[in-house]
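# Examining the three-dimensional arrangement
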Amino acid sequence: MSSPIDQLKERLYEVNALNAASALMDWDQQCYMPRGAAEARAEQGAVLSKMAHEIFVSDETQAILEKAGSEVDPASEEGALVRVVKRDMDQRTKLPVELVTELSRHGAIGHEVWVEARAESDYSKFQPILEKTVDLTRQVADCLGYTDHPYDPVTDQFEEGATKKYWEDMFDTIRQPLVDLVAEIKASPDQPDDSFLTGSFQEADQRAFSMRLLEAIGFDLTRGRLDTAPHPFCTNFSVNDVRLTTRFKDYLPSAIFGTLHEAGHGMYEQNSPQGWDRTPLAGGVSLGWHESQSRTWENLIGRSKAFWQFFYADLQKTFPGLANKDLETFYRAVNKSEPSLIRVEADEVTYNLHIMVRFEMETGMLDGSIPVKDVPAVWNQKYEEYLGITPPDDARGCLQDVHWSGGLLGYFPTYSMGNILSYQVWNAMAQDLGDLHEMMSAGNFQPILDWLVAKVYSQGNRHLPQDLIRQVCGTGLDATPYITAIREKYREIYRLN
Ligand code: ZN
């Protein structure tokens, strides 16, 4: 008879196999599936999810988990596995099946209505969906339980340990510095020209260059792939099968930075310990941590001057149209910052202001201080306040994001946490490794990847997210490194002083 912990692992492998099959079907749906297959695929996915759920929450699994929990040392790897599974079990068993089914049905319908409402820029169409999203989310909060604010258990699902207060403290430290920096940048007479980044760039060339980037930074192509999808994402079915997607458009940075961003997520997944594969200990520890790594490879590395000191000659050779643009012009162009209406296109300076608007709206909707009918007006007022612009219509305002249509509240702040944390981790790395820019300008990314693997990626999901921050950075979440670094970077780019 095998030990309870081995029995637990056997169960988890079964759940993982079903989840991996669902994820593979989802990857296929976004990359290759013919549109006509949508309905059958949705039904098939629902069957697999139900099977995985039933195995996971079965009395048998719960009994095994209980037994394993009483036998393992909480400080061991196995103790960590039990803790992670218990948390998941707890959340899943607290939510009644009817509510989970209702949420998933609402997500499917909500998505359809949102697509239409956005296309017609008609908020009145979307309002009932959003009202229901808020109502169902309140029910989720009640089932999970909370003491201070309904947002607390909701956001904790995505970032363990985070609360409304935690996010408020985070935003309080960046709000004014960012609003001030945006104003300084806007007033600069020396605006970079990035018009040359839009044009006709051969898809095959974009693909070849993207592949060279992946190889150079250390994404393992024997255990991963790059494909294309309309909205780039990264998924994986095991530590040894990580799928990245990117897109090839007229705007050249789209492929380059999309690829680097997803590769950051991908390398985090690829470098979990092999022994943890197919268990919940493998993979990133939280959404905020995951995003910190995609941002590291996209922004701190990919948008640095040092990176392009190494790659720019190759880029110019691949796209001869860039021949008459020097490195400095290119570097300034890919770092152009300006207040814009659309979050997903926002730069490093303005991005977190977009997130702050959404966070304030979400908490307000949940506690009733922002009535759902007032969302467009409040949204526009906040955009004016933080970014100095007012959306001309709701399609480019409160209807732009997919999240609320699918019932996802509490998710947005993890993007900002990722931006902030990426700079904190970077500083810790620089203390250990010395001059990171010198390494990057020589195309030497191995020490950087090795350090991230040792400190972060190899830890998988073993620690609590906030404990890992303290372990790697020596302090809690702290926005000072982010604010200091982007101030310095953008003052140079915009020639302010
Ligand atoms: Zn990401």
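Everything quoted here is computed from the prediction, not taken from an experiment.

## Regarding the domain arrangement of the protein
The parts lose accessible area when they come together, and the size of an interface is often stated as this lost area. In terms of domains, the protein is made up of domain 1 (4–145) and domain 2 (164–493). Just the C-alpha atoms count here: the centres of domain 1 and domain 2 sit 26 Å apart. With 37 residues of domain 1 at the interface, the matching set in domain 2 holds 41 residues. Carbon and sulfur atoms supply 65% of the area that domain 1 and domain 2 bury against each other, a total of about 3300 Å² over both sides. Along the contact surface separating domain 1 from domain 2 lie zero salt bridges. At the junction of domain 1 with domain 2, the criterion picks out 12 residue pairs in polar contact (both at pLDDT 80 or more). Put simply, the parts of the chain that give the side of domain 1 that touches domain 2 at least two residues each are α1 (4–31), α4 (77–94), α5 (97–120) and α6 (123–144). For the side of domain 1 that touches domain 2, the leading source of residues is α6, giving 10 residues.

## Re helix α18 (residues 446–455)
Looking only at α18, the buried set comprises Ile-448, Leu-449, Trp-451, Leu-452 and Val-453. For α18, the elements touching its buried residues are α9 (203–217), α10 (253–270), α11 (287–301), α16 (413–433), α17 (436–441) and α19 (465–473).

## Topic: the nonpolar core
Nonpolar side chains tend toward joint burial in soluble globular proteins. If you look at the biggest cluster of nonpolar residues, it comprises 114 residues, and the most contacted ones within it are Trp-289, Trp-308, Leu-315, Trp-404 and Ile-448. Element by element, the count of residues in this core is highest for helix α8 (residues 164–187), at 10 residues. Of the domains in this structure, domain 1 (4–145) and domain 2 (164–493) are the two that each give at least three residues to this core. What Trp-289 contacts, discounting residues up to four positions off in sequence, is Glu-159, Tyr-268, Met-417, Leu-421, Val-425, Val-456, Pro-465, Leu-468, Ile-469 and Val-472. Of all hydrophobic cores here, the second largest spans 23 residues; its members include Met-25, Ile-55, Val-57 and Leu-281.

## Describing the coordination of the zinc ion
Around the zinc ion, the donor atoms from the protein are His-261 (NE2), His-265 (NE2) and Glu-291 (OE), and they sit 2.1 to 2.3 Å away. Between consecutive donors of the zinc ion, the numbers of intervening residues give the motif H-x3-H-x25-E. One end of the pair is His-261 and the other is His-265, both in helix α10 and four residues apart, which spans about a single turn. Summarising the burial analysis for this pair, His-261 and His-265 share the class buried.

## Quick look at the pattern of salt bridges
The tally for this structure, following the rule as stated, stands at 36 salt bridges. Its salt-bridge partner being Arg-295, residue Glu-298 comes within 3.2 Å of it at the nearest N-O pair. Of this pair, Glu-298 and Arg-295 both sit in helix α11, separated by three residues, roughly a single helical turn. Classification of Arg-295 by relative accessible area gives buried; the value is 9%. Between Asp-467 and Arg-470 there is a salt bridge, with the nearest N and O atoms lying 3.4 Å from each other.

Cut-off values and rules
Residues numbered from 1 in each chain as written. Predicted model: local features only at pLDDT ≥ 70, side-chain atom pairs only at ≥ 80, totals over all residues. Heavy atoms only, no water. Domains from an automatic or database assignment. Contact = heavy atoms within 4.5 Å. Buried area = accessible area lost by both parts, 1.4 Å probe. Salt bridge = Lys/Arg side-chain N within 4 Å of Asp/Glu carboxyl O. Polar contact = N/O pair within 3.5 Å; in protein donor to acceptor, adjacent residues only side chain to side chain. Helix = DSSP H or I, 4+ residues; strand = E, 2+ residues; numbered from the N terminus. Buried < 20%, exposed > 50% of the residue type's maximum accessible area, 1.4 Å probe, protein only. Core = buried A, V, L, I, M, F, W, Y, C linked by side-chain atoms within 4.5 Å. Donors = N, O, S within 2.8 Å, 3.2 Å for Na, K, Ca; no water.

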